[in-house]
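So you can see what is in the structure, the chains are spelled out below.
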Amino acid sequence: MKNWYLLAALPFMAACNQAPPVNAELFPLAGAENVNPDTHLVLTFSEAPVVGDSGMVRIFDAETHELIDSLDLSIPAGPTKSRTYGPECDYTKVPYDYTRDRMPTNKDTRPGTPSGTAEPTPPEYQLNIIGGFTDAFHFYPIITKGNVATIYPHNNMLEYGKEYYVTIDKGVINVPDGSFEGIAKEHRWMFETKKEAPVAMDTLVVDATGNGDFNTVQGALDFIPDFSSEQTVILVRPGDYEELVYARNKSNVKIKGAGMDQTKVHYANNEVFNPHPLTVKTNEWPGTFPSRRAAFMLDNCHDVVLEDITIATDLRGQAEGLLLNGDRIALYRVHIIGSGDALQANGTIYMEACEMDGGGDTILGRGSLFAYRSNFRNEGGPFSWVRNTAGHHGDVFVECTFSTSNGRMADYGRTHTNHGTSYPDAEFVLINCKVKNIIPEGWSSIGEKTAKMYEFQTRDMDTDELVDVSKRHAYSKQLDAVKDAAMIADYQNPAFVLKGWMPMRIE
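A brief report on the enclosed structure follows.

**Things to note about the overall build of the protein**
Then, in step 1: Along the backbone of the protein there are four helices and 36 strands.
Then, in step 2: Over its C-alpha trace the protein gives a radius of gyration of 25 Å, about what one expects of a compact globule, namely 23 Å for 507 residues.
Then, in step 3: For the protein, the C-alpha atoms occupy an extent of roughly 85 × 50 × 45 Å along the three principal directions.
Then, in step 4: A total of 507 residues make up the protein; the buried ones form 56% of that total.
Then, in step 5: In the protein, of all internal contacts separated by at least 6 residues, the share reaching a separation of at least 24 is 66%.
Then, in step 6: Charge-centre separation for the protein: the mean point of 45 positive side chains lies 3 Å from the mean point of 68 negative side chains.

**Describing the sheet that holds strand β5 (residues 56–61)**
Then, in step 1: With respect to topology, five strands assemble into an open sheet ordered β2-β13-β11-β5-β6, the strand pairing being mixed. The open sheet is flanked by β2 (32–35) and β6 (67–72), the only strands paired with a single partner. The sheet shows a mean angle of 25 degrees between the axes of neighbouring strands, taken without regard to direction.

**Section: the side chain of Ser115**
Then, in step 1: Along the chain, Ser115 turns up in the loop between β6 and β7 (128–130).
Then, in step 2: Here Ser115 falls in the buried class, since its relative accessible area comes to 14%.
Then, in step 3: Here the side chain of Ser115 touches Tyr96 through a polar contact of 2.5 Å, side chain to side chain.
Then, in step 4: A distance of 2.3 Å separates the side chain of Ser115 from the side chain of Asp135, its partner in a polar contact.
Then, in step 5: Setting aside its immediate chain neighbours within four residues, Ser115 contacts Tyr96, Phe133, Thr134, Asp135 and Phe289.

**Concerning the pattern of salt bridges**
Then, in step 1: Enumeration over the complete set of coordinates arrives at 28 salt bridges.
Then, in step 2: Of the charged contacts, one joins Lys254 and Glu307 as a salt bridge, the two residues approaching to 3.7 Å between their closest N and O atoms. Here Lys254 is found in strand β18 (residues 251–256), whereas its partner Glu307 is found in strand β20 (residues 296–313), with 53 residues between them in sequence.
Then, in step 3: Take Glu307: its relative accessible area is 6%, and that puts it in the buried class.
Then, in step 4: Each of the salt bridges in this network shares a partner with another, and the network as a whole consists of Lys254, Lys256, Glu307, Asp308 and Arg333.

**Looking at the pairing of strand β22 (residues 343–352)**
Then, in step 1: With respect to burial, β22 is a largely interior element, nine of its ten residues being buried.
Then, in step 2: As judged from the nine bridges shared by strand β21 (residues 322–337) and β22, these two strands associate in the parallel manner. When the bridges of β22 are listed, Leu323 appears paired with Gln344.
Then, in step 3: Here two bridges tie β22 to strand β24 (residues 363–365), and the two strands are oriented parallel to one another. Residue pairing across strands places Gln344 opposite Leu364, the latter belonging to β24.
Then, in step 4: Pairing between β22 and strand β25 (residues 368–372): five bridges, direction parallel. Bridged to Glu352 within β25 is Tyr372.

**Some words on the nonpolar core**
Then, in step 1: Counting 60 residues, the largest nonpolar core has Phe296, Leu331, Leu343, Met351, Phe376, Phe397 and Phe402 as the members making the most contacts within it.
Then, in step 2: Looking at this core, the element that brings in the most residues is β20, giving seven residues.
Then, in step 3: Excluding residues within four positions of it along the chain, Met351 makes contact with Leu331, Ile336, Leu343, Met356, Leu369, Phe370, Ala371, Tyr372, Ser374 and Phe376.

**Brief notes about the sheet that holds strand β1 (residues 25–27)**
Then, in step 1: The antiparallel open sheet is built from four strands, whose spatial order is β1-β3-β10-β9. In this open sheet, the two strands that pair with only one neighbour each are β1 and β9 (142–145). Here the average twist between neighbouring strands, direction ignored, is 15 degrees.
Then, in step 2: Two strands pair when backbone bridges link them, and β9 and strand β10 (residues 148–151) are joined in this way by four bridges, in the antiparallel orientation. Bridge pairing in β10 links Lys145 to Val148.

**Describing the environment of Thr310**
Then, in step 1: With respect to the helices and strands, the residue Thr310 is situated in strand β20.
Then, in step 2: Measuring from C-alpha to C-alpha, the distance between Thr310 and Ala258 comes to 9.8 Å, with 52 residues separating the pair along the chain.
Then, in step 3: Thr310 has contacts with Met260, Thr263, Lys264, Val265, His335 and Ile337, leaving out every residue within four places of it along the chain.
Then, in step 4: A polar contact of 2.6 Å, which involves the side chain of Thr310, links it to the backbone oxygen of Met260.

**Some points on the pairing of β21**
Then, in step 1: Of all 16 residues that make up β21, twelve are buried, and the element is covered over most of its length.
Then, in step 2: Where β20 lies against β21, 14 bridges are found, and the strand directions are parallel. Directly across from Ala312, in β21, lies its bridge partner Ile337.
Then, in step 3: As paired elements, β21 and strand β23 (residues 355–358) share three bridges and run parallel to each other.

**Structural notes on the environment of Leu315**
Then, in step 1: Relative to the helices and strands, Leu315 resides in the loop between β20 and β21.
Then, in step 2: Each C-alpha atom of the pair Leu315 and Val398 lies 30 Å from the other, and the pair is 83 residues apart in sequence.
Then, in step 3: Those residues in contact with Leu315 that lie beyond four places of it in its chain are Tyr140, Ala268, Asn269, Asn270, Phe273 and Ser339.

**Thoughts on unusual backbone geometry**
Then, in step 1: Residue Pro28 is reached from Phe27 by a cis peptide bond, and omega for that bond is 0 degrees.
Then, in step 2: Tracing the sequence through the fold places Pro28 in the loop between β1 and β2.
Then, in step 3: In this structure, Asn156 is a non-glycine residue whose phi angle is positive, near 65 degrees.
Then, in step 4: Its place among the elements puts Asn156 in the loop between β10 and β11 (163–168).

**Remarks on the packing of aromatic side chains**
Then, in step 1: As enumerated under the stated definition, the model contains 26 aromatic pairs in all.
Then, in step 2: Considering the side-chain rings of Phe60 and Tyr165, the 5.0 Å spacing of their centres and the 15 degrees angle between planes classify their relative orientation as stacked. Taken as a pair, Phe60 in strand β5 and Tyr165 in strand β11 lie far apart in primary sequence, 105 residues in all.
Then, in step 3: Summarising the aromatic geometry, the rings of Phe133 and Phe137 are spaced 5.7 Å apart at their centres and angled 80 degrees between planes, so their arrangement reads as edge-to-face.
Then, in step 4: Pairwise contacts between aromatic rings join Phe376, Phe383, Phe397, Phe402, Tyr412, Phe428 and Trp443 into one cluster.
Then, in step 5: Sitting over the ring of Phe133, Arg248 keeps its end group 4.9 Å from the ring centre.
Then, in step 6: Over the aromatic face of Tyr372 sits the side chain of Arg505, whose NZ or CZ is 4.0 Å from the ring centroid.

Calculation rules
Residues numbered from 1 in each chain as written. Predicted model: local features only at pLDDT ≥ 70, side-chain atom pairs only at ≥ 80, totals over all residues. Heavy atoms only, no water. Helix = DSSP H or I, 4+ residues; strand = E, 2+ residues; numbered from the N terminus. Rg over C-alpha atoms; globule rule 2.2 N^0.38 Å. Buried < 20%, exposed > 50% of the residue type's maximum accessible area, 1.4 Å probe, protein only. Contact = heavy atoms within 4.5 Å. Lys, Arg positive; Asp, Glu negative; His and termini not counted. Charge placed at Lys NZ, Arg CZ, Asp CG, Glu CD. Pairing = 2+ DSSP bridges. Axes fitted to C-alpha atoms, helices over the stretch in contact; angles between N-to-C directions. Polar contact = N/O pair within 3.5 Å; in protein donor to acceptor, adjacent residues only side chain to side chain. Salt bridge = Lys/Arg side-chain N within 4 Å of Asp/Glu carboxyl O. Core = buried A, V, L, I, M, F, W, Y, C linked by side-chain atoms within 4.5 Å. Phe/Tyr/Trp six-rings, centres within 6.5 Å; stacked < 30°, edge-to-face > 60°. Lys NZ or Arg CZ within 6 Å of the ring centre and 35° of its normal.

Rendered as structure tokens:
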């Protein structure tokens, strides 16, 4: 193996001149050892490549020559137009079943195998089982940025202690000068994976360059057993992680980046590209069939921390950067970027020192969210569509800011009736917040008088003066420092909002 490693630093020529040169830098290097099984395949060219619409990428077992994985470029990545749903499409009537005794993967399960009450996901687009969600996700088999083409094998196909080789048909990737004609077996793009998985579970390192325990955030999350009682810290080193992340049934996990400006996890995903099934709506109580439209999804998880990281979607539309479904999930110094609903928060969620950028309905959710000293920006329109039910608090903001990035007018949110469902217990509370470009009414609509739309001591971001609240929505309430002192104190206490949970504060 060592002789091939030395050759990889040079322009990669075919053995015995039996094939034309590759004319690209390869990652993993030809002959590389100790490669993580969740690696991507990266080709760097002298000029910008273009992805073709035919041909195959194949990965073979180097010892047995068995085909391990393949990508067919004649299959489109995913839909680009919204689906038309019939009257039979409805919310699930029974809770979605998250139980499992193993995590299904692309290796042992057909992508698109239905779960819950959904119909099979048709194979007309690329399909990839991620995080054990057998209904599968549409994904981009090759993504180009500048002069780099990154190939995304199906998740969980490669194993530890194996040697593989890669072939790429002519036309899969094209460069303007025509110098890349694919990679044949004779080129010997071979690499060997690490002998074994990490032994220690307390800390896992993710590094896109391959110098960690995993190359991807998803690889590290998949490695952690469901509902682990021991904490695992996933350290995500500085870098750009373009990957679709979905994890379910994880607990006692901390995902810590190197800083909001240094570690970014993102993907081009939205409701059109990964829609809900034709027969099942998503994210409405009771039932909650999992959504597939966010860039980063934690589903049925609890006791999870996200720190020092940016999470974003690269598409517009109904496209959360981050979707959370679970209890006791804490975010510290997390920048969330989405389109439409930037954050979907279901369960009990705590945010501190976070940044958020999104479109209308910036925060959507049916859970309890407590945000402290965080900054929220949108492009105009509602900041929330709160849907909490009786017995559950909604969204509470303490010492936060709300503003628009383009000067347009925004509002705190709306709680109007949605397809016959109203939200009489919806709650949106602001304590000692600062705002800019918020409409005089505060809220654009409040569907029920019983909704708890409270505000206390809101100030202007530019002048630091108390804002004029004389035209606030009739169903909203301005809290009084004396008469409502106990209520104001309660709403500043995370445990009051989050069912007794008191998360750690960093400021």
